[in-house]
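# Structure assessment
Chain residues, written in single-letter form:
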Amino acid sequence: MPGISEIDVVIVVMTYLLYAVGLYGCFVRSGKKGWLALIPIVNWVLLLDIVRIKKRYIFLIILPLLNLVAFFWWHMCIVRACGYKGWVLILLILFMPLALLLAGFGTHPYDLEAMLKMKARVKAFCLDVLLHYIMLEASKSSTASRYWYMTRGMGNSRRKKF
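Each residue is numbered by its place in its chain's sequence as written, counting from 1. Given that this is a predicted model, residues contribute local features only at a pLDDT of at least 70 and side-chain atom pairs are listed and counted only at 80 or more, while totals for whole chains, interfaces and linings are drawn from all residues. With hydrogens and water excluded, all non-hydrogen atoms of the structure serve as input to the side-chain values.

Here the focus is the confidence of the model for the chain. pLDDT measures the predictor's confidence residue by residue and takes values from 0 up to 100. Here the chain averages 81 in pLDDT, and 83% of its residues register 70 or above. Between the elements of the chain, mean pLDDT differs from a low of 60, seen in helix H7 (residues 146-151), to a high of 90, seen in helix H1 (residues 6-30). Helix numbers and strand numbers start at the N terminus; a helix is a DSSP run of H or I with at least 4 residues, a strand a run of E with at least 2.

Here is the structure:
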């Protein structure tokens with residue numbers, strides 16, 4: 001019967017320690033207390049504070065699939081604030097603790113403004129994609145087509161009675 005071996009436990013503990021040490025470096029670079037990175041859940045709340053995301057979004061962690069997107073987004077923001085972009089973000093996907101170590105103890109200057117600009121660009125892009133999807137779905141409906149709006153809807157001042 002397969003179970004959890006000692007090697008599995010060692011791998012999980014080492015990965016968490018690498019993750020916590022990387023967050024420690026990122027917290028120190030941002031001017032926060034680094035030792036808070038060692039406390040689970042508290043480190044995520046502090047991470048949200050650093051990257052200027054509302055703390056109520058911590059509850060995204062309990063939602064399946066959304067937790068992966070949120071977790072990656074938060075860490076992408078902190079890595080970008082530490083001055084890294086491009087290939088480090090790819091490394092973030094592959095092995096997050098190593099990317100956090102590089103960002104936390106790297107030589108790039110801490111740049112909160114660049115992270116805030118990146119957040120604004122990504123937010124605008126996501127809203128644009130969402131709006132495009134909504135308009136695409138609305139155009140598939142026969143009642144919401146341009147022709148309907150022009151002949152029966154808001155586009156015609158002489159409305160037909162049906």
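Our focus in this paragraph is the packing of helix H2 (residues 42-50) against helix H3 (residues 66-81). Lines fitted to C-alpha atoms define the axes, with helix axes restricted to the stretch in contact, and inter-axis angles between N-to-C directions lie between 0 and 180 degrees. H3 packs onto H2 with a crossing angle of 55° between their chain directions and a minimal axis gap of 10 Å. It follows that H2 is oblique to H3 by the angle criterion. At the point where H2 passes H3, the crossing takes the left-handed sense. For the pair H2 and H3, the contacting residues are Trp-44, Leu-47, Leu-48 and Ile-50 in the first and Phe-71, Trp-74, His-75 and Ile-78 in the second. Gly is placed with the polar residues, together with every amino acid not listed as nonpolar (Ala, Val, Leu, Ile, Met, Phe, Trp, Tyr, Cys and Pro) or charged (Asp, Glu, Lys and Arg). Tallied by class, the residues present in the contact of H2 with H3 amount to seven nonpolar, one polar and no charged. When describing relative orientation, an angle under 35 degrees is termed roughly parallel and one over 145 degrees roughly antiparallel, while 65 to 115 degrees is termed roughly perpendicular and anything else oblique. Here a crossing is called left-handed whenever its near helix is offset anticlockwise from the far helix by less than a right angle, and right-handed whenever the offset is clockwise. Residue contacts follow a heavy-atom distance rule, with two residues in contact if any of their heavy atoms lie within 4.5 Å.

Take the layout of surface pockets next. By volume, the largest pocket is sized at about 630 Å³. Tallied by class, the residues present in the lining of the largest pocket amount to eleven nonpolar, no polar and four charged. Whether a set of points on the 1 Å grid over the protein atoms alone is a cavity depends on a 1.4 Å probe fitting there but being unable to get out, while an open set qualifies as a pocket with protein on both sides within 12 Å along at least five of seven lines; lining residues are those with an atom within 4 Å of a point. Grid points are joined across faces, edges and corners, and a volume is the space filled by probe spheres set on the points.

A separate point is the packing of H1 against helix H5 (residues 96-105). Remark: H1 packs on H5, axes separated minimally by 7 Å, with the N-to-C direction vectors making an angle of 25°. In terms of orientation, H1 and H5 fall into the roughly parallel class. Between H1 and H5 lies a crossing of left-handed hand. Residues Thr-15, Leu-18, Tyr-19, Val-21, Gly-22, Leu-23, Tyr-24, Gly-25, Cys-26 and Arg-29 of H1 form the contact with H5, whose participating residues are Met-96, Pro-97, Leu-100, Leu-101, Ala-103, Gly-104 and Phe-105. Its residues placed into classes, the contact of H1 with H5 shows twelve nonpolar, four polar and one charged.

Another point: the pattern of salt bridges. Throughout this description, the term salt bridge denotes a Lys or Arg side-chain nitrogen within 4 Å of a carboxyl oxygen of Asp or Glu. Applying the stated rule across the entire model yields two salt bridges. Across the salt bridge formed by Lys-32 and Asp-49, the nearest N and O atoms sit 3.2 Å from each other. Here Lys-32, found in the loop between H1 and H2, pairs with Asp-49, found in helix H2; they are 17 residues apart in sequence, far enough to count as distant. Partly exposed describes any residue whose relative accessible area lies between the buried limit of under 20% and the exposed limit of over 50%, with all areas from a 1.4 Å probe on protein chains only and scaled to the type maximum. Judged by its relative accessible area of 29%, Asp-49 is partly exposed. For the salt bridge of Lys-55 with Asp-49, the shortest nitrogen-to-oxygen distance reads 3.4 Å.

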